[in-house]
Amino acid sequence: MTDESKNKKHYVRKVAVLLPCYNEEKTIGKVVRDFRKQLPDSDIYVYDNNSTDKTVEKAKEAGATIGYEYTQGKGNVIRRMFREVEADIYVMADGDDTYPAESVHDLILPVLEGRSHMSVGTRLDIHEDTSFRLLHMFGNKLIRKIINLLYKAKLRDILSGFRCFDSFYVNSIPLLSSGFEVETELTLQALDKGFTISEVP
């Protein structure tokens, strides 16, 4: 077995799917099962952020490993996930079933092959006219334009929550965001520290 094949086998064996959740009882079971179908050897983690419904119960029934973050805010949840979960490749998605699990193989590939430290599932190329509220789309475009100008980048989707990271990135960045601005920070940290980013439609 070559060194390259050993490395690839090692990476495939240690994939963690990270699902931060707040009151997602209607969808979280399906999301966990969908990712289990696509990545049967992965570890799937649902971290609950003070849900008042049956999110935890539904996630357990679907076979997820449960974690908790009691300080409210998505950024706080992701920071705890990065601190507590050990893997070679991390896939992050939302628990509300907005991202297609069957696309995870395309998302992982640039990281698996060592071409990128982070890959981002971009939604704007395919669904720009239908998938976003007007204000959300305006905000995404404005933030994207500013970041691309500052860093001389050509990124398409700054606010996507469907991402993949290698362990070097996860263990290197000091996340500061507490809320939903965390997606923007994940991109800014990569650009500021010279990590490579791929975007996957």
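It should be noted that the structure appears before, not after, this text.
To keep things clear, this report deals only with the structure shown in the data block. (Residues numbered from 1 in each chain as written. Predicted model: local features only at pLDDT ≥ 70, side-chain atom pairs only at ≥ 80, totals over all residues. Heavy atoms only, no water.)

1. As for the packing of helix α4 (residues 74–84) against helix α9 (residues 182–192)
Okay, so step 1: The interhelical angle for the contact between α4 and α9, taken along N-to-C directions, is 50 degrees, at an axis separation of 9 Å. Between α4 and α9, the crossing angle belongs to the class labelled oblique. From α4, Lys-74, Gly-75, Ile-78 and Phe-82 reach across to α9, where they touch Val-182, Glu-183 and Leu-186. (Axes fitted to C-alpha atoms, helices over the stretch in contact; angles between N-to-C directions. Helix = DSSP H or I, 4+ residues; strand = E, 2+ residues; numbered from the N terminus. Parallel < 35°, antiparallel > 145°, perpendicular 65-115°, else oblique. Contact = heavy atoms within 4.5 Å.)

2. Details of the environment of Pro-174
Okay, so step 1: Turning to its location among the elements, Pro-174 is positioned in the loop between α8 (167–170) and α9.
Okay, so step 2: On a C-alpha basis, the gap between Pro-174 and Glu-185 in space is 9.9 Å, while along the polypeptide they are 11 residues apart.
Okay, so step 3: Those residues in contact with Pro-174 that sit more than four places away from it in its chain are Glu-185, Gln-189 and Lys-193.

3. Remarks on the sheet that holds strand β2 (residues 43–48)
Within a sheet, neighbouring strands are paired by backbone hydrogen bonds and run either parallel or antiparallel to one another.
Okay, so step 1: The mixed open sheet is built from 7 strands, whose spatial order is β3-β2-β1-β4-β6-β5-β7. Two strands bound the open sheet, and with one partner strand each, they are β3 (65–68) and β7 (197–200). Strand-to-strand twist of the sheet, defined as the mean angle between neighbouring strand axes without regard to direction, takes the value 20 degrees.
Okay, so step 2: In the sheet, strand β4 (residues 89–92) pairs with strand β6 (residues 163–166) via 4 bridges, with the strands oriented antiparallel. If you follow Tyr-90 over to β6, its bridge partner there is Phe-165.
Okay, so step 3: In this fold α4 packs onto β1 (15–21), β2, β3, β4 and β6, with an angle of close to 155 degrees to the strand it touches most, β1. (Pairing = 2+ DSSP bridges.)

4. Observations concerning the packing of aromatic side chains
Okay, so step 1: This model, assessed by the stated rule, comprises 8 aromatic pairs.
Okay, so step 2: Here Phe-35 and Phe-162 contribute two aromatic rings whose centre-to-centre distance is 6.3 Å and whose plane-to-plane angle is 70 degrees, an arrangement assigned as edge-to-face. Within this pair, whereas Phe-35 is found in helix α2 (residues 28–38), its partner Phe-162 is found in the loop between α7 (134–151) and β6, the two being separated by 127 residues in sequence. With respect to burial, Phe-35 and Phe-162 carry one shared label: buried.
Okay, so step 3: Arranged with centres 5.3 Å apart and planes meeting at 5 degrees, the rings of Phe-165 and Tyr-169 form a pair that is stacked.
Okay, so step 4: Taken together, the aromatic side chains of Phe-82, Tyr-90, Phe-165, Phe-168, Tyr-169 and Phe-195 make up a single cluster linked through ring pairs. (Phe/Tyr/Trp six-rings, centres within 6.5 Å; stacked < 30°, edge-to-face > 60°. Buried < 20%, exposed > 50% of the residue type's maximum accessible area, 1.4 Å probe, protein only.)

5. As for the pattern of salt bridges
Okay, so step 1: In the structure shown here, the tally under the stated rule is 8 salt bridges.
Okay, so step 2: Between Glu-84 and Arg-80 there is a salt bridge, with the nearest N and O atoms lying 2.8 Å from each other. Within this pair, Glu-84 and its partner Arg-80 are both found in helix α4, separated by 4 residues, close to a single helical turn.
Okay, so step 3: Judged by its relative accessible area of 40%, Glu-84 falls in the partly exposed class.
Okay, so step 4: The residue Arg-115 makes a salt bridge to Glu-113 at a minimum N-O spacing of 2.8 Å.
Okay, so step 5: Among the residues examined, Arg-115 registers a relative accessible area of 46% and is labelled partly exposed.
Okay, so step 6: We classify Glu-113 as partly exposed; its relative accessible area is 42%. (Salt bridge = Lys/Arg side-chain N within 4 Å of Asp/Glu carboxyl O.)

6. Describing the environment of Thr-27
Okay, so step 1: Position of Thr-27 relative to the elements: it lies in the loop between β1 and α2.
Okay, so step 2: In sequence terms Thr-27 and Thr-55 are 28 residues apart; their C-alpha atoms lie 8.6 Å from each other.
Okay, so step 3: Excluding residues within four positions of it along the chain, Thr-27 makes contact with Gly-95, Asp-96 and Asp-97.
Okay, so step 4: For Thr-27, the side chain forms a polar contact with the main-chain oxygen of Gly-95, separated by 2.6 Å. (Polar contact = N/O pair within 3.5 Å; in protein donor to acceptor, adjacent residues only side chain to side chain.)

So far we have only geometry, and geometry alone does not tell us how the molecule works.
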